[in-house]
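Residue-level structural notes
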Amino acid sequence: MPVNFTALIETSYKKDFFEKVIEKSLKKLDKKIKKQISLVLVDKKKIKELNKTYRKKDKATSVLTFHFSEKKNKNTFFEIPLKNNVLGEIFICPRKAKEEADKIDEKLEDRLKKLTIHGLLHLLGYKHKNKKERKLMEGIEDELIKTVG
């Protein structure tokens, strides 16, 4: 399961960091996926634009996930023929993640792991639209964080 990694910003975090989080999480969940996952690091301006366009929320967020089986999600850095081989895209804004980490006295690296896992779970079909879904998803995230270290 290759991860297509694109950094549209300057960062010290590389593909292998995110790939290890995803691979360890999938192993713990006993999930095998044949399609690729795209992970894109963006600035606050870009994530705000994506959030406004696709979620109608005019603010920056730390992570957005687009599952390609959902017809409304047409956003991609891939050409259409390649899109069939990609499960979806996870967009992460490290600057916003840093702001969130600072608020809760968390290391940026740990925050980025959590956001990667959060995005991955969305690609696997998990949602958090209500209290029950949120509790389930947060429980799985907590377990995966322990697994990936």
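Report on the accompanying structure. (Residues numbered from 1 in each chain as written. Predicted model: local features only at pLDDT ≥ 70, side-chain atom pairs only at ≥ 80, totals over all residues. Heavy atoms only, no water.)

**Here we look at the packing of helix 4 (residues 94–103) against helix 5 (residues 108–123)**
Using the following cut-off: Interaxial angle, 0 to 180 degrees, is taken between N-to-C directions of lines fitted to C-alpha atoms, where a helix line uses only the stretch in contact. Each helix is a run of H or I in the DSSP string that is no shorter than four residues. Each strand is a run of E no shorter than two, and both are numbered from the N terminus. Should the near helix be turned anticlockwise from the far one by less than a right angle, the crossing is termed left-handed; should it be turned clockwise, right-handed. The contact definition used throughout considers only heavy atoms, calling two residues in contact when any of these lie within 4.5 Å.
Here helix 4 crosses helix 5 at 115°, and the two axes come no closer than 9 Å. In this structure, helix 4 meets helix 5 at a crossing whose hand is right-handed. Side by side, helix 4 and helix 5 meet where Pro-94, Ala-97, Lys-98, Glu-100 and Ala-101 of the first sit next to Leu-108, Arg-111, Leu-112 and Leu-115 of the second.

**Observations concerning the pattern of salt bridges**
Pairing between side chains becomes possible if they bear opposite charge and their charged atoms approach one another. Quick reminder of the rule: Each reported salt bridge corresponds to a side-chain nitrogen of Lys or Arg within 4 Å of a carboxyl oxygen of Asp or Glu. Think of it in three bands: residues with accessible area under 20% of the maximum for their type are buried, residues over 50% are exposed, and the middle band is partly exposed, with areas taken using a 1.4 Å probe on protein chains only.
For the structure on display, the rule yields ten salt bridges. Among the salt bridges present, the one from Asp-102 reaches Lys-98, with a minimum N-O distance of 2.9 Å. Separated by four residues within a single helix, Asp-102 and Lys-98 lie in helix 4, roughly one turn from each other. We classify Asp-102 as partly exposed; its relative accessible area is 48%. Owing to a relative accessible area of 39%, Lys-98 belongs among the partly exposed residues under this scheme. If you follow the salt bridges from partner to partner, you end up with Glu-100, Glu-106, Arg-111 and Lys-114 in one network.

**Here's the deal with the sheet that holds strand 3 (residues 63–67)**
Consider a sheet: its strands pair through backbone hydrogen bonds, and that pairing is either parallel or antiparallel. What counts is decided by this rule: At least two DSSP bridges between two strands are needed for those strands to be called paired.
Read across the sheet, four strands follow the order 1-2-4-3 without closing on themselves; strand pairing throughout is mixed. For this open sheet the edge positions go to strand 1 (3–7) and strand 3, each flanked by a neighbour on one side alone. Between one strand axis and the next, the sheet turns by 15° as a mean value, whatever way the strands run. Pairing between strand 3 and strand 4 (residues 86–92): five bridges, direction antiparallel. Looking across to strand 4, one finds that Val-63 is bridged to Ile-92. Seen against the sheet, helix 1 (residues 15–29) touches strand 1, strand 2 (36–41) and strand 4 and runs at an angle of roughly 140° to strand 1. Against the sheet, helix 5 engages strand 2, strand 3 and strand 4, with an angle of about 150° to strand 4.

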